[in-house]
Amino acid sequence: MTKILVTGGAGYIGSHAVVELAQAGFEPIIVDNFVNSETTVLAGLREILGREVPCYRIDCGNAEALHEVFRKEGDIKGVIHFAAYKAVGESVQKPLAYFHNNVGSLITLLQVMKDEGVENLVFSSSCTVYGIPDQLPVTEATPTKPASSPYGRTKQMCEDVVHDSSQAADNTTHTILLRYFNPIGAHESAKIGELPLGVPNNLVPFITQTAAGLRDKLTIFGNDYDTPDGTNVRDYIHVVDLAKAHVVAVQRLLDRKASEVVETFNVGTGHGNTVLEVVKAFEEASGQKLNYSIGPRRPGDVPAIYADATKAAEVLGFKTETSLRDALASAWKWQQSLVR
Ligand code: UDP
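Residues numbered from 1 in each chain as written. Predicted model: local features only at pLDDT ≥ 70, side-chain atom pairs only at ≥ 80, totals over all residues. Heavy atoms only, no water.

A.B. asks: I tried to follow the side chain of Asn-102 on my own but got confused; where do I start?
C.D. replies: On the secondary structure map, Asn-102 appears in helix 5 (residues 95-116). For Asn-102, a relative accessible area of 2% corresponds to the buried category. Looking at Asn-102, its side chain comes within polar contact range of the side chain of Thr-154, at 3.1 Å. Filtering out sequence-adjacent residues up to four positions away, Asn-102 remains in contact with Ala-84, Tyr-85, Tyr-151, Thr-154 and Cys-158. (Helix = DSSP H or I, 4+ residues; strand = E, 2+ residues; numbered from the N terminus. Buried < 20%, exposed > 50% of the residue type's maximum accessible area, 1.4 Å probe, protein only. Polar contact = N/O pair within 3.5 Å; in protein donor to acceptor, adjacent residues only side chain to side chain. Contact = heavy atoms within 4.5 Å.)

In structure tokens, the structure reads:
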């Protein structure tokens, strides 16, 4: 079995990618520092896969510890680098921590991969690199704009690090940059899912916690945008669909099918939905009436963004399979499993 190192493999998207990799016949190996994830995820993975997934509790900024993992495992063929801080608001409060952690750990990882002769990297980028785009939907060629937060800027900087280092004469790394849109939902087993720390920042965990009675009501951040119903438009992708894109990307790198040393793909559904549409779809999927009200705009929110998913479809053969409603149903099932 081909070994793939998954940094941040105990996190929300990482854990779902571990499942999809294992079920596609790869041997995922997790590296995670557990600052933003729980060890209970490992039990969930064991239950889904029927076996233990190897896990090293280390920080990706620790080069020596990373070297040790590569040496101990011996024949790791590729890396998927999820490990990063991801809270937009927190990044405004702690920009240096975000630059240090997100950009620093990528640089460390790239150097260690080079030293260890590991050539294939899939990197977690984000649609935040587009900033407020001039055109919709955004294609991979849509020019990036200033990011609205230090978090978004770390993703832009990481993409630059990958591009610049790929131009070095002695470069050995082949990279696929995946620009995620808004991942939602959970594994159908409800054994793994999103575990927000404290009050959720993201829409869907806030909705499910409100429906479960943990929060009073959802505040919708503005209904005076230039969108069909005035609320923000996003491209919500089921986390399992998103996880599957990583399997396809890794396989493409291993097969040396990539046409460039760095390739970039949007990973979204290609459809935009407003916040009110998400609320309505949730009510239908869960049978719950959601308590919500309209509040002021949230600073930094992009009015509307959704993916042109053509390149991923044509080049990777990747298409999402799960509807918004089913994705929300899986989020609700996961929430209920937590309350019990
Ligand atoms: N949102 C909202 N209320 C909340 C959380 C989010 O109205 O309590 C909206 C937010 O303004 C945005 C959308 O839901 O339009 C998705 O926000 P999220 O933070 O999940 O993802 P983002 O697109 O900001 O990365």
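A.B. asks: What is the right way to read the pattern of salt bridges from this model?
C.D. replies: A side chain of one charge can pair with a side chain of the opposite charge if their charged atoms are brought near each other. Under the definition given, this model contains 20 salt bridges. Glu-52 is paired through a salt bridge with Arg-46; the nearest N and O atoms lie 2.9 Å apart. Overall, Arg-46 belongs to the partly exposed group, its relative accessible area being 38%. The partner of Lys-244 in a salt bridge is Glu-321, and the shortest N-O contact between them spans 3.3 Å. A residue pair is termed long-range when its members are at least 10 positions apart, and Lys-244 in helix 8 (residues 239-254) and Glu-321 in the loop between helix 10 (310-316) and helix 11 (324-339) qualify at 77 residues. Three or more residues are tied together by salt bridges with common partners; here these are Lys-3, Glu-73 and Asp-75. (Salt bridge = Lys/Arg side-chain N within 4 Å of Asp/Glu carboxyl O.)

A.B. asks: When you look at the packing of helix 1 (residues 12-23) against helix 2 (residues 40-49) in this model, what are you seeing that I'm missing?
C.D. replies: Angle between the axes and distance between the axes: these two values describe a pair of packed helices. For the pair helix 1 and helix 2, interaxial distance at closest approach is 11 Å and the crossing angle is 25 degrees. By the criterion of interaxial angle, the relationship of helix 1 to helix 2 is roughly parallel. Here helix 1 and helix 2 pass one another in a crossing that is right-handed. Residues Ser-15, Val-18, Val-19, Ala-22 and Gln-23 of helix 1 form the contact with helix 2, whose own contacting residues are Val-41, Leu-45, Ile-48 and Leu-49. The class makeup of the residues in the contact of helix 1 with helix 2 is 7 nonpolar, 2 polar and no charged. (Axes fitted to C-alpha atoms, helices over the stretch in contact; angles between N-to-C directions. Parallel < 35°, antiparallel > 145°, perpendicular 65-115°, else oblique. Left-handed = near helix turned anticlockwise from the far one by under 90°. Nonpolar A, V, L, I, M, F, W, Y, C, P; charged D, E, K, R; others polar.)

A.B. asks: What should I look at first to understand the sheet that holds strand 4 (residues 76-81) in this one?
C.D. replies: Hydrogen bonds between backbone atoms are what pair the strands of a sheet, whose relative direction is either parallel or antiparallel. Ordered by their spatial adjacency, 7 strands build an open sheet running 3-2-1-4-5-6-11, and the pairing between neighbours is parallel. The sheet is open, and its two borders are formed by strand 3 (55-56) and strand 11 (262-267), each paired with just one other strand. Those strands touched by helix 6 (residues 150-166) are strand 5 (120-126), strand 6 (174-180) and strand 11, and its axis lies near 150 degrees from that of strand 5. (Pairing = 2+ DSSP bridges.)

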